[in-house]
Amino acid sequence: FRNAQNVGGAENVLLACERARGDYVWLHADDDLICKGALQRFLDLVICHPGVGVVSSPLQAFQNNDAAHPLEKLRFPSSRQDLYWKAGAEAFSGLFLRTCSLSGLIIRRDLLDIEGARAHAQSQYPQMYLVGHAATLADAAYLSTPLMRLRLEDVKRWNYTKDFMSTAIFTTLTHFTRSQSWGPAVRQYLVQKRILASYGPLYSSRDNSWRIF
């Protein structure tokens, strides 16, 4: 499908989800690549674990168009083993911060709450809402081998807000955790992890401009 006009990145993702007709929706950015054998690994997983509603994995990074020379694997979390989480606190806390990156997120289509995601689309991370909603309802899996190859480009295509979208991410996080018995502990855990993950970009901004830092 091609949109008649530019609807923006977040709405484009949600329109793709609305138009999907399969049992699962596999999200990825248009400049990233699916790893060899990824579809088969995913199929093997859902055959063995039919209750899984959300699937993710590390990302294999490469620079610009040099896909033949992969860089480091970006792991969220850092486990080198396949992980399986029960719906609710386990699945939500295990996957939520991984969803900052769109590519390689797979969601069972019957778990999508697209209209709910539209209310949080200003974050440019609609997938965080989609995965968060699904993880409260169904089990999740994290495969230890990458499903996607993430292109790292030198070209900057958009500007983040000065807090690196953290305000919008915390708003989405609060939405899901405020009504759950496990919510306060999970929210505190994820906020702390997000702050630690922001140290790298903050130090980079300090190098570029003390005023921004």
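Up top is the structure.
Here the structure is a predicted model, which means the values were calculated and not measured.

Q: Would you explain the overall build of the chain in this entry?
A: Within the chain, the secondary structure is distributed over seven helices and nine strands. Counting across all 213 residues of the chain, residues that qualify as buried make up 44%. The long-range share in the chain, meaning contacts at least 24 apart out of those at least 6 apart in sequence, stands at 78%. As presented, the chain carries roughly 11,800 Å² of accessible surface, and 53% of it is formed by carbon and sulfur atoms.

Q: Explanation requested: the pairing of strand β9 (residues 148-152) in the structure shown.
A: In the case of a regular strand, side chains alternate between the two sheet surfaces. Bridge analysis of strand β2 (residues 33-34) against β9 gives two bridges, and the strand direction is antiparallel. The residue bridging I34 from the neighbouring strand is M148, located in β9. Bridge analysis of strand β4 (residues 59-63) against β9 gives five bridges, and the strand direction is parallel. From the neighbouring strand, A61 faces β9, where its bridge partner is L150.

Q: For this particular structure, what's the right way to read the nonpolar core?
A: Where a protein is soluble and globular, its nonpolar side chains tend to be buried together. Residues F92 and F96 are the most contacted members of the largest nonpolar core, which totals 37 residues. When sequence neighbours within four positions are dropped, the list of residues in contact with F96 reads M128, I169, T172, L173 and L190.

Q: So what exactly am I meant to see when it comes to the pattern of salt bridges here?
A: Oppositely charged side chains may form a pair once their charged atoms are brought near each other. All told, the structure shown has four salt bridges when counted by the stated rule. The partner of E11 in a salt bridge is R118, and the shortest N-O contact between them spans 2.8 Å. Linking E11 in helix α1 (residues 9-19) with R118 in helix α4 (residues 114-118), this pair joins segments that are 107 residues apart in sequence. If you follow the salt bridges from partner to partner, you end up with E11, E18, E115 and R118 in one network.

Q: Looking at this structure, I do not really get the side chain of T172. What am I missing?
A: Tracing the chain through its elements places T172 in helix α6 (residues 166-177). Within the local environment of T172, its side chain forms a polar contact with the side chain of H120, the two groups lying 3.5 Å apart. Apart from residues no more than four positions distant in its own chain, T172 is found in contact with F96, H120, M128 and Y129.

Here is what the cut-offs are and how they apply
The numbering scheme is per chain: residues are counted from 1 as the chain's sequence reads. Per-residue local features of the predicted model are confined to residues with pLDDT of at least 70, and side-chain atom pairs are confined, for both listing and counting, to 80 or more; whole-chain, interface and lining totals are unaffected and use all residues. Values shown for side chains rest on all heavy atoms present in the structure; no hydrogens or waters enter the calculation. Helical segments are the DSSP runs of H or I of at least four residues, strand segments are the runs of E of at least two, and each set is numbered from the N terminus. Each residue gets one of three labels from its accessible area relative to the maximum for its type: buried under 20%, exposed over 50%, partly exposed in between, using a 1.4 Å probe on protein chains only. Contacts: residue pairs with any heavy atoms within 4.5 Å of one another. Computed with the Shrake-Rupley method and a 1.4 Å probe, the accessible areas treat only the protein chains shown as cover for residues. For two strands to pair, DSSP has to find at least two bridges joining them. Nonpolar cores are built from buried Ala, Val, Leu, Ile, Met, Phe, Trp, Tyr and Cys residues. Side-chain atoms within 4.5 Å join them into one set. Take a side-chain nitrogen of Lys or Arg and a carboxyl oxygen of Asp or Glu: if they are within 4 Å of each other, that pair is a salt bridge. In protein, a polar contact means a hydrogen-donor-capable atom and an acceptor-capable atom, both N or O and within 3.5 Å, with residues adjacent in sequence counting only if both atoms are side-chain atoms; elsewhere, any N or O pair within 3.5 Å suffices.

Honestly, it's all geometry; don't read function into it.
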